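Secondary and tertiary structure notes
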Amino acid sequence: MQRTAIITGSSSGIGLASATEFLRKGFRVFGVDMFPTFPAPAPKGLEFIQADIASPDDVQRVLQHLEAQTDMVDVLVNNAGVCPHSRSETEFLALWNRVLSVNLTGPFLLTQGTLPLLKRAPSGSVVNVASVHALVTTKGMAAYAASKGGLVSLTRALALELAEYGIRVNCVLPGAVDTPMILESLRQRDLDGGTAEERLQCLASRTPLQKIGSPEEIAKAICFLGSAEEASFITGQTLVVDGGALARLSTE
């Protein structure tokens, strides 16, 4: 029987790479994103649903579509996210609320709503995509760091609650990855005259593996945690995929 995966934030970056990887593995894949445009041709076979996961009404519409199309969901990947740069002392409440609603409330709503379909799968799995900012962060990232830290905690809580149904819940924490989101975030910062692309290369030079991660590398980690065969005894865990960045002391 063909397995089914749902991936949010599927139009670009890690979400698009994950959709491609799950399709390659033979899954039926539903992609969810606010934006219907893709930076490259959409992967063949991807079934796209345009929706804002921060909207309870949109989430309900996604769930109704899924229930009409499939009897079960094997893997849910909560990947959609926003990463605006804003200093805490000047941050507007509306911006804070938007970041938390997309990065934390959205995954909660979609996981909660998808539960009936996940329970029907032989071995359901939820993979949340957080960030190394859940553990260490930089100036101007308070809302983003708080949302991703909350997602890590939500992962652990859901892992405990859903274990009785055989549903595993894990979290991937990417470091710097070459995606449109990180470039846009860098453009919002004070770069001391440098461009976002130059700042990205600076990040690469300061990473032990001397490179920026690719969306495809993160997608493989997501697929691993989602696999009922390869990760069947792993739940409530966080997998850091950052080229070794967190292994280095900040004082080094």
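Scroll up to find the structure.
Let us look at the structure shown here. (Residues numbered from 1 in each chain as written. Predicted model: local features only at pLDDT ≥ 70, side-chain atom pairs only at ≥ 80, totals over all residues. Heavy atoms only, no water.)

Read from one edge of the open sheet, seven strands run β3-β2-β1-β4-β5-β6-β7, paired in parallel fashion. Lying at the two open borders of the sheet, with one neighbouring strand each, are β3 (47-50) and β7 (238-241). When the angles between neighbouring strand axes are averaged without regard to direction, this sheet yields 15°. Bridge analysis of strand β4 (residues 75-78) against strand β5 (residues 125-129) gives four bridges, and the strand direction is parallel. Across the sheet, residue Val77 finds its bridge partner in β5, namely Val127. In the packing of helix α7 (residues 215-226) onto the sheet, contacts are made with β4, β5, β6 (168-174) and β7, and the angle to β6 comes to roughly 165°. (Pairing = 2+ DSSP bridges. Helix = DSSP H or I, 4+ residues; strand = E, 2+ residues; numbered from the N terminus. Axes fitted to C-alpha atoms, helices over the stretch in contact; angles between N-to-C directions. Contact = heavy atoms within 4.5 Å.)

Unlike most non-glycine residues, Gln210 shows phi in positive territory, near 60°. A residue is classified by how much of its surface remains accessible, and Gln210, at 52% relative accessible area, is exposed. (Buried < 20%, exposed > 50% of the residue type's maximum accessible area, 1.4 Å probe, protein only.)

Now for the packing of helix α1 (residues 13-24) against α7. Packing of α1 against α7 leaves a shortest axis separation of 8 Å and a crossing angle of 55°. Relative to α7, the element α1 is oriented oblique. Every pair of crossing elements has a handedness; the one defined by α1 and α7 is right-handed. Contacts between α1 and α7 involve Gly13, Ile14, Ala17, Ser18, Glu21, Phe22 and Arg24 on the former and, on the latter, Pro215, Glu216, Ile218, Ala219, Lys220, Ile222 and Cys223. Its residues placed into classes, the contact of α1 with α7 shows eight nonpolar, two polar and four charged. (Parallel < 35°, antiparallel > 145°, perpendicular 65-115°, else oblique. Left-handed = near helix turned anticlockwise from the far one by under 90°. Nonpolar A, V, L, I, M, F, W, Y, C, P; charged D, E, K, R; others polar.)

Residues that lie three or four places apart on an α-helix share one face, since the helix turns once every 3.6 residues. Between the first and last C-alpha of helix α2 (residues 56-69) there are 20 Å, a value that for 14 residues agrees with the 20 Å anticipated at 1.5 Å per step. Buried residues along α2 sit against β1 (4-8), β2 (28-33), β3 and α3 (93-120). (Expected span 1.5 Å × (residues − 1).)

The tally for this structure, following the rule as stated, stands at one aromatic pair. Over the aromatic face of Tyr165 sits the side chain of Lys119, whose NZ or CZ is 4.2 Å from the ring centroid. (Phe/Tyr/Trp six-rings, centres within 6.5 Å; stacked < 30°, edge-to-face > 60°. Lys NZ or Arg CZ within 6 Å of the ring centre and 35° of its normal.)

On inspection of all chains with the given rule, the structure shows seven salt bridges. Here Lys220 and Glu21 are joined by a salt bridge, their closest N and O atoms 3.7 Å apart. Of this pair, Lys220 sits in helix α7 while Glu21 sits in helix α1, and the two are 199 residues apart along the sequence. On the basis of relative accessibility, which here comes to 48%, the residue Lys220 falls in the partly exposed class. Under the relative-accessibility criterion, Glu21 is labelled buried at 10%. Salt bridges linked by common partners bring Glu21, Arg24 and Lys220 together as one network. (Salt bridge = Lys/Arg side-chain N within 4 Å of Asp/Glu carboxyl O.)

Close contact between α2 and α3 brings their axes to 10 Å; oriented N to C, the two are set at 20°. When the axes of α2 and α3 are compared, the pair comes out roughly parallel. Relative to α3, the crossing made by α2 is right-handed. For the pair formed by α2 and α3, the contact residues are Pro56, Val59, Val62, Leu63, Leu66 and Glu67 on the first element and Leu109, Leu110, Gly113, Thr114 and Leu117 on the second. Of the residues contributing to the contact of α2 with α3, the split by class is eight nonpolar, two polar and one charged.

Where nonpolar side chains cluster on the molecular surface, the patch consists of Leu135, Val136, Val240 and Leu246 and spans about 300 Å² of accessible area. Mapped onto the elements, Leu246 comes out in the segment after β7. (Patch = residues over 30% accessible without salt bridge, like charges linked within 9 Å, V, L, I, M, F, W, Y side chains within 5 Å. Areas by Shrake-Rupley, 256 points an atom, 1.4 Å probe, with all protein chains shown as cover.)

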